[in-house]
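Topology and contacts: notes
The residues making up each chain are set out below.
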Amino acid sequence: MEAHRITVKAMVKNDVETVWECWTDPGHITQWNFAADSWCCPRAENDLKVGGKYMARMEAKDGSFGFDFEAVYDEVVEHKKISYTMMDGRQATTTFENSGNGTLVTTIFDPEDQNPLEMQEEGWQAILNNFKTYAEG
């Protein structure tokens, strides 16, 4: 597969400190970290430091499927940037930009090679949109 990175974005109408907390605190992560209402995130762990581990359990509500999303942090700049490497070697970076209208959250990630790029972009964007709704609420 040709090297290609995918970018998803959302303008969250809240201050960067609140957005950061909602993005990084496990109690918040379990409330928004899923792409569709038929899924849930029953638990999350987050050791937010370089070398620290992130884990979020994602499950279909009907119990038909589930998986752990795991990564290790490469860079953490409070209220600005988080970079991590997933267990399969792919990387992702999320930035938080304070603006007059709120906080622009942008994630750029390496796609996996099992699913179409468009499907992956839609899935990650759906999760980010769910985050936006939660962080604005």
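Residues numbered from 1 in each chain as written. Predicted model: local features only at pLDDT ≥ 70, side-chain atom pairs only at ≥ 80, totals over all residues. Heavy atoms only, no water.

One pass over the structure, following the stated rule, counts 13 aromatic pairs. Ring centres of F69 and W124 lie 6.3 Å apart, and the angle between their planes is 75°; on these two criteria the pair is classed as edge-to-face. Taken as a pair, F69 in strand β4 (residues 66-77) and W124 in helix α3 (residues 117-136) lie far apart in primary sequence, 55 residues in all. Three or more aromatic residues link up through ring pairs in this structure, and these residues are Y54, F69, Y73, Y84, F109 and W124. (Phe/Tyr/Trp six-rings, centres within 6.5 Å; stacked < 30°, edge-to-face > 60°. Helix = DSSP H or I, 4+ residues; strand = E, 2+ residues; numbered from the N terminus.)

Now for the pairing of strand β3 (residues 53-60). The element β3 is extensively covered by neighbouring structure, given that six of its eight residues are classed as buried. Two strands pair when backbone bridges link them, and strand β2 (residues 39-46) and β3 are joined in this way by six bridges, in the antiparallel orientation. Following the sheet pairing, W39 is matched in β3 by A60. In this antiparallel pair of consecutive strands, β2 and β3, the connection spans six residues, and G51 shows a positive phi of 90°. A loop of five residues connects β3 with β4, the two strands running antiparallel in sequence, and G63 in this loop sits at a positive phi of about 80°. (Buried < 20%, exposed > 50% of the residue type's maximum accessible area, 1.4 Å probe, protein only. Pairing = 2+ DSSP bridges.)

Turning our eyes to something else, we now look at the state of the cysteines. Under the criterion given, the structure shown has zero disulfides. In this model C22 remains outside any disulfide bridge; the closest cysteine sulfur is found in C41, 14 Å from its own. C41 supplies the cysteine sulfur nearest to C40, a cysteine that is in no disulfide, at a spacing of 7.6 Å. (Disulfide = S-S within 2.5 Å.)

Here α3 spans 28 Å end to end across 20 residues, near enough to the 28 Å set by a 1.5 Å rise per residue. Buried residues of α3: Q120, I127, L128, F131 and A135, and no others. Projection of α3 onto a plane perpendicular to its axis shows the buried side chains occupying an angular sector of 95°, all on one side. Along α3, the residues that are exposed and aim more than 90 degrees away from the buried face are E118 and T133. Packed against the buried residues of α3 are β1 (6-12), α1 (16-24), α2 (26-32), β3 and β7 (102-109). (Expected span 1.5 Å × (residues − 1). Arc of directions from axis to C-beta. Contact = heavy atoms within 4.5 Å.)

The backbone phi angle of H79 is positive, close to 65°, even though this residue is not glycine. With respect to the helices and strands, H79 occurs in the loop between β4 and β5 (81-86).

Let us now look at the pairing of β1. Burial of β1 is one-sided: the residues I6, V8, A10 and V12 facing one way are buried, the residues T7, K9 and M11 facing the other way are not. As defined by bridge partners, β1 adjoins β7 across seven bridges and the pair is classed as antiparallel. Looking at β7, one finds that V12 is bridged to T103.

Bringing α1 into the picture now. Within α1, the full set of buried residues consists of V16, V19, W20, C22, W23 and T24. The residue sitting at the N-terminus of α1 and contributing the capping side-chain oxygen is D15; that oxygen lies 3.2 Å from the backbone nitrogen of E17. (Polar contact = N/O pair within 3.5 Å; in protein donor to acceptor, adjacent residues only side chain to side chain.)

Over the atoms a probe the size of a water molecule is rolled, and this reveals where empty space is left. By volume, the largest pocket is sized at about 880 Å³. Counting residues per element, the ones that place at least two in the lining of the largest pocket are β2, β3, β4, β5 and α3. Looking at the lining of the largest pocket residue by residue, the classes come out as 22 nonpolar, seven polar and five charged. (1 Å grid on protein atoms, 1.4 Å probe; cavity = no way out; pocket = protein on both sides within 12 Å on 5 of 7 lines; lining within 4 Å. Points joined across faces, edges and corners; volume = space filled by probe spheres on them. Nonpolar A, V, L, I, M, F, W, Y, C, P; charged D, E, K, R; others polar.)

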